[in-house]
Amino acid sequence: MFELVNRKQFKKLALVFYLTGLVGFIVVGYLYGEQKLNQRLEVERHLIEETLGTTLEYYLFVPSLLSDSEEILNVYRNPSSKTPEEINKLLLKTNTELGSDVIYLLDTNGVTIASSNYLQSDSFVGGDYSFRPYFKDAIAGNTGQYLALGAQSGKRGYFFSAPVQHNGEILGVVTVKVLLNQIEEIWQDSGIEFLVYDADGIVFFSSRSDWLYKSIVSHSVDELNRLVATRRYGSEKVQVVANSPSITFNEFDEIRLSSTQTHNTVWRLSYKYLDNWGLNIATLVPASKRYYTVFLSVLGYTLLSLLLYIFWLYQEKKLQLRHHLEDMNRQLELKVNELTGDLQLRNQQLQQSALEQKYAHQALQQAQEELIQTAKMAMLGEFSASLHHELTQPLQAIKSYANNSVRMLELSKTESLKNTLAEINSVVDSMVKIVQQFRIFARRSQPEKRPCQLQEIISGVMSIVSPELESKSIRCVNRCNDRTVFCEPVLVEQVIVNLISNAVHALENTDQPKVVIDSEEHEGYIALIVCDNGPGVDEDTLPNLFEPFFTTRKTGLGLGLAIAKRIVESQGGSISATKGVRGGMKFSVSLPLHE
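Position numbers for residues count from 1 along each chain, tracking the sequence in the order it is written. Local features are withheld for residues below a pLDDT of 70 in this predicted model, meaning they are given only at 70 or higher, and side-chain atom pairs are given and counted only at 80 or more; totals for whole chains, interfaces and linings count all residues. As a convention, hydrogens and water are excluded, and side-chain values are obtained from all of the structure's heavy atoms.

## A short note on the packing of aromatic side chains
Phase 1 of the analysis: Each Phe, Tyr or Trp ring, with Trp reduced to its six-membered ring, pairs with another whose centre is within 6.5 Å; inter-plane angles below 30 degrees give stacked pairs, above 60 give edge-to-face pairs, and intermediate values give tilted ones. Under the definition given, this model contains eleven aromatic pairs.
Phase 2 of the analysis: Note on F124 and Y129: the rings are 5.7 Å apart at their centroids and 55° apart in plane angle, and the pair reads as tilted. As far as the burial class goes, F124 and Y129 line up, both buried.
Phase 3 of the analysis: Residues Y158 and F160 carry aromatic rings whose centres are separated by 5.0 Å and whose planes lie at 45° to one another, so their mutual orientation is tilted. One exposure class covers both Y158 and F160, and it is buried.
Phase 4 of the analysis: Clustering of aromatic rings is evident, with ring pairs tying together Y104, F124 and Y129.
Phase 5 of the analysis: The ring of F159 has R132 lying over it, and the distance from NZ or CZ to the ring centre is 6.0 Å.
Phase 6 of the analysis: Across the ring face of W211, the terminal group of R208 is positioned such that the distance to the ring centre comes to 4.9 Å. Buried, partly exposed and exposed residues are distinguished by accessible area as a fraction of the type maximum, computed with a 1.4 Å probe on protein chains only: under 20%, between the cut-offs, and over 50%, respectively. Distance and angle both matter: a charge sits over a ring if NZ of Lys or CZ of Arg is within 6 Å of the ring centre and within 35 degrees of the ring normal.

## So, the pairing of strand 4 (residues 156–166)
A regular strand places its side chains on the two faces of the sheet in alternate fashion.
Phase 1 of the analysis: Burial analysis of strand 4 places nine of its eleven residues in the buried class, the great majority of the element.
Phase 2 of the analysis: Each pair of strands is called paired provided DSSP finds at least two bridges between the two strands. What counts as a helix is a DSSP run of H or I of at least four residues, what counts as a strand is a run of E of at least two, and both are numbered from the N terminus. Note that strand 3 (residues 144–149) and strand 4 share six bridges and pair antiparallel. In the sheet register, A148 faces strand 4, and the bridge partner there is G157.
Phase 3 of the analysis: Hairpin connection, strand 3 to strand 4: the antiparallel pair is bridged by six residues, and G154 has positive phi, about 75°.
Phase 4 of the analysis: Examined bridge by bridge, strand 4 and strand 5 (residues 169–178) share nine bridges and lie antiparallel to one another. Along strand 5, the bridge assignment pairs P163 with V173.
Phase 5 of the analysis: Hairpin connection of strand 4 to strand 5: two residues between the antiparallel strands, including N167 at a positive phi of 55°.

## Some details on the sheet that holds strand 7 (residues 203–206)
Phase 1 of the analysis: The strand order across the open sheet built from five strands is 7-6-12-11-10, with neighbouring strands paired in antiparallel fashion. With one partner strand each, in any of the chains shown, strand 7 and strand 10 (252–257) form the two edges of the open sheet. Pairwise comparison of adjacent strand axes, ignoring direction, gives a mean angle of 35° for this sheet.
Phase 2 of the analysis: Here strand 6 (residues 193–197) runs beside strand 7; their pairing, made up of three bridges, is antiparallel. Residue pairing in the sheet places Y197 in a bridge with V203 of strand 7. Where helices are involved, their axes are fitted lines through C-alpha atoms of the stretch in contact, as for all axes, and angles between N-to-C directions lie from 0 to 180°.

## Considering the sheet that holds strand 16 (residues 514–522)
Phase 1 of the analysis: The strand order across the open sheet formed by five strands is 14-16-17-19-18, and the pairing between neighbours is mixed. In this open sheet, the two edge strands, each paired with only one partner strand, are strand 14 (475–478) and strand 18 (574–579). Geometrically, the sheet is characterised by an average inter-axis angle of 20° between neighbouring strands, direction not taken into account.
Phase 2 of the analysis: One ladder, built from eight bridges, connects strand 16 with strand 17 (residues 525–532); its direction is antiparallel. Across the sheet, residue E521 finds its bridge partner in strand 17, namely I526.
Phase 3 of the analysis: Sitting on the sheet, helix 10 (residues 454–471) touches strand 14, strand 16 and strand 17, and the angle it makes with strand 14 is about 175°.
Phase 4 of the analysis: Contacts: residue pairs with any heavy atoms within 4.5 Å of one another. Of the strands in this sheet, strand 16, strand 17, strand 18 and strand 19 (585–592) are in contact with helix 11 (residues 489–506), which crosses strand 17 at around 25°.

## Focus on a nonpolar patch on the surface
Phase 1 of the analysis: There is a patch of nonpolar side chains on the surface, built from Y292, F295, L296, L299, L303, L306, L307 and I310 and spanning about 800 Å² of accessible area.
Phase 2 of the analysis: Judged by its relative accessible area of 45%, I310 is partly exposed. Put simply, a patch holds well-exposed residues, over 30% relative accessible area, that have no salt bridge, with like charges counted together within 9 Å and Val, Leu, Ile, Met, Phe, Trp or Tyr side chains within 5 Å. All accessibility values rest on the Shrake-Rupley procedure with a 1.4 Å probe; residue burial counts only the protein chains present in the view. For this document, the term salt bridge refers to a Lys or Arg side-chain nitrogen within 4 Å of an Asp or Glu carboxyl oxygen.

## Notes on the nonpolar core
Phase 1 of the analysis: As used here, the term nonpolar core means buried Ala, Val, Leu, Ile, Met, Phe, Trp, Tyr and Cys residues forming a set that is joined through side-chain atoms within 4.5 Å. Judged by nonpolar contacts, the single largest core of 44 residues is most densely connected at V485, I496, L499, I500, L528 and V589.
Phase 2 of the analysis: Contributions of two or more residues to this core are made by helix 10, strand 15 (484–487), helix 11, strand 16, strand 17, helix 12 (560–570), strand 18 and strand 19.
Phase 3 of the analysis: Here this core gets nine residues from one element, more than from any other, and that element is helix 11.
Phase 4 of the analysis: Apart from the residues lying within four places of it in its own chain, the contact partners of L499 are V530, L561, I575, F587 and V589.

## A word on the pattern of salt bridges
For side chains bearing opposite charge, pairing can occur when the charged atoms are close.
Phase 1 of the analysis: By the definition in use, this model includes ten salt bridges.
Phase 2 of the analysis: K472 serves as the salt-bridge partner of E468, at 3.9 Å between the closest nitrogen and oxygen.
Phase 3 of the analysis: Given the relative accessible area of 37%, K472 is considered partly exposed.

## Side note on unusual backbone geometry
Phase 1 of the analysis: For N167, which is not a glycine, the phi torsion comes out positive at approximately 55°.
Phase 2 of the analysis: Within the secondary structure, N167 sits in the loop between strand 4 and strand 5.
Phase 3 of the analysis: Of the residues examined, N167 reaches a relative accessible area of 73% and is grouped as exposed.
Phase 4 of the analysis: With a phi angle near 50°, Q512 is a residue other than glycine that sits in the positive phi range.
Phase 5 of the analysis: Position of Q512 relative to the elements: it lies in the loop between helix 11 and strand 16.

Below is the structure:
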């Protein structure tokens, strides 16, 4: 189809179809929008109608029931049976139970003799309401209904009245006033405006305050004077917000209304006359809202048309690209034939280059193997030096214990000799474990960790270093807390023994030499701290302490702290060195706590 119809013809046909469809969508959108507005208006009108009708029906028979009660009849038949205070309290209690605004009693002249609002500043007591239609209806022997502003309170309300009769004689009138403000409160934020107006077209209830007590129809001067004289709408002159020819409308209709925000705006309405109450109800929305549906319809249609047009352009471009690719393939075949000879020559050159690269790779592999062998030999040297360093202290301890054993044997101290030999045995066990751990360390395998007490580690350390400390009169203070850590205890013992051994060497020329073992806990870790009061090192030396083969002593390999660092890191911890507050060195070994 895209090949048969040229570009210009297709654009003309597409424009004709688009305009035809656009007109159809505008018409359908207009009708659909109006239908949706009507449905919404009707639903909201039914809700207002039910709310208003239910409230009014609740109080419709209340005056008649009150007029038949013995307490109300006694007020008129025997006024001296109750004081005015008692009558007013009776009405106040009844009014509170019913939830009405005011209940009051009128005599045959229309004067209020008792009222539930007797305590308020706008009390009805003593007021003359003989001019009200609800009084005239009730005094004539009928029930009365009337919608008006309160002459005394100025509050909108619906008045129900009934005559109080005894043996066919009318003694007075009982009246119940009901407020209907809840209707406005319920529909205040619904997005729907509404009007409730009387037979004169005067708005009594509305979602907008600037429509209240205004007329939707024009009145003559005589009619306006008559409305003011009824005092039904207060003392203000009635204004007109719409020049409607009638107060009645079709079920769905339109009206022009003005307000403080808009002037002469067209509103779509749903209308209903409530015959039982003499009230007219209308729900309204701006008529322009139906054009919103038209806008959405046109927008959707335009987007769909645009997508179809883009699809056509895509197909056309696709066709052009296919023809272009065919031309390029033909030209490419020619180029391939021209380059085939060159490629064969280059292929031979590449094969020669690959052969040379193979020989180079074999030479590189041989060099790598030699380098690995050299690294192995270097590691073996490091391992031998480390093993010598770590076994020096235990061997010195064994030597010291052996000398003590000889003296004890000479003195026949069998029990002490037994203890000393047990210590030698313990140190030997530690040496065996050190050799085994170095083998594990050299293989880069993970030692077996377990929960252990800090004091257990310190006890093992002290069994190794105590002879050396005693021989050099070095005081050792243990302030360590007994917490549980998760580590391999023999490896950690190696680290602490190394730190204390370094401290012993540093304290050779120090008066009152002392080593302190302490602990500090922080965020799931506990730091084992080894401090001494020796000369310490300068600031420039601190960063290099854990480097392999770095030492500040005249003798020594400089591997102790480097090995200690690797051991501590293998346990999931860290080690650091700082200068002590009062001189000397402070080493901190952080290990994870076991929870």
